Amino acid sequence: MRYTLLPALILAAGAAQAHFGMIIPEDAMIAQEDGRGVDLTLSFSHPFEEAGMTLEAPVSVSVTHDGETTDLTGALTPAEVMGDAGFALTLDLPRPGSYVLAMEPQPYWEPAEDAFIIHYTKTYVGAYGVDDGWDAMVGMPVEILPLDRPYGLWEGNIFRGQVLRDGEPVPFAEVEVEHYNQAGVPAPSELMITQTIVADGDGVFSYAPPGDGWWGFAALMEADYTLDHEGSAKGVELGAVLWVHFEAFGE
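Rules used in this analysis
Residues numbered from 1 in each chain as written. Predicted model: local features only at pLDDT ≥ 70, side-chain atom pairs only at ≥ 80, totals over all residues. Heavy atoms only, no water. Helix = DSSP H or I, 4+ residues; strand = E, 2+ residues; numbered from the N terminus. Rg over C-alpha atoms; globule rule 2.2 N^0.38 Å. Buried < 20%, exposed > 50% of the residue type's maximum accessible area, 1.4 Å probe, protein only. Contact = heavy atoms within 4.5 Å. Areas by Shrake-Rupley, 256 points an atom, 1.4 Å probe, with all protein chains shown as cover. Lys, Arg positive; Asp, Glu negative; His and termini not counted. Charge placed at Lys NZ, Arg CZ, Asp CG, Glu CD. Core = buried A, V, L, I, M, F, W, Y, C linked by side-chain atoms within 4.5 Å. Polar contact = N/O pair within 3.5 Å; in protein donor to acceptor, adjacent residues only side chain to side chain.

Chemist: Is there a simple way to think about the overall build of the chain in this case?
Modeler: Looking only at helices and strands, the chain has 1 helix and 21 strands in total. Over its C-alpha trace the chain gives a radius of gyration of 17 Å, about what one expects of a compact globule, namely 18 Å for 251 residues. Buried residues in the chain amount to 50% of all 251 residues. A separation threshold of at least 6 residues defines the contact pool for the chain, and within that pool the share at least 24 residues apart is 67%. Accessible surface for the chain amounts to roughly 11,200 Å². Of this, 50% is attributable to carbon and sulfur atoms. Where the 8 positive side-chain charges of the chain centre and where its 40 negative ones centre are 8 Å apart.

Written out as structure tokens, the structure reads:
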């Protein structure tokens, strides 16, 4: 089944205006000597420009490990992230393996796009040198399946993902790519802030980041429902968002 992508008007809102749901751990790979947990920040932001937006209390935040999902929503604490309202969380890591963090946010009204935005966001953390479960899915309405381990990658490594909606591939999905630019690297053009790639007929995309750090992939599509805004039915942009960390080679 082929799904309708977002109208050109929404997608053309401007490369510098791309929004990303974000779940960012202090580290994507936790060793025994690092302790038994990891601190996370959750936000809705412009990552390259390090400009935050308000993240209302999420509908849900969860972690999946070894086939078991635990609700973490009640453990969130308010925090300032990139100058705006977000949340913080300390995730316990009792056993080795991959931990999948997932967030469903409240719908975000974006006047510039005349639409709501809902970014279903995931991040993977590997604990204690064991990578079991790195391709685990959490059953969100739209989701990116990692086809390469989403941590333990060098900068420049090719990362592949498959865009799914209701568990089915989304042919030719449009995927925005953006770097969490904590080093403040300048962009020579606004067109370089957010890059855009198109998946193939099976919803598979690939990308090789030019630098280390956190890189976000957001596959955008139009919901088959509307939401009310001040008495008018408005469209909804769904985003399947995945954050992947790449290590600096030689450091």
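And the narrative resumes.
Chemist: Can you help me understand the nonpolar core in this one?
Modeler: Note that soluble globular proteins tend to have their nonpolar side chains buried in a common cluster. Val163, Phe205 and Phe217 are the most contacted members of the largest nonpolar core, which totals 45 residues. Leaving out residues up to four positions away in the same chain, Phe217 has contacts with Phe20, Ile144, Phe159, Val175, Glu176, Val177, Phe205, Tyr207, Ala240, Val241, Leu242 and Val244. In terms of nonpolar packing, the next biggest core, distinct from the first, is built from 23 residues, Ile30, Leu55, Val61 and Phe87 among them.

Chemist: What exactly am I supposed to notice about the side chain of Asp148 here?
Modeler: Secondary-structure assignment places Asp148 in the loop between strand S12 (142-146) and strand S13 (153-154). Looking at Asp148, the relative accessible area reads 18%, which means it is buried. Among the polar contacts listed, one links the side chain of Asp148 to the backbone nitrogen of Arg160, at a separation of 2.8 Å. With residues near it in sequence (within four places) discarded, Asp148 still touches Trp134, Ile158, Phe159 and Arg160.

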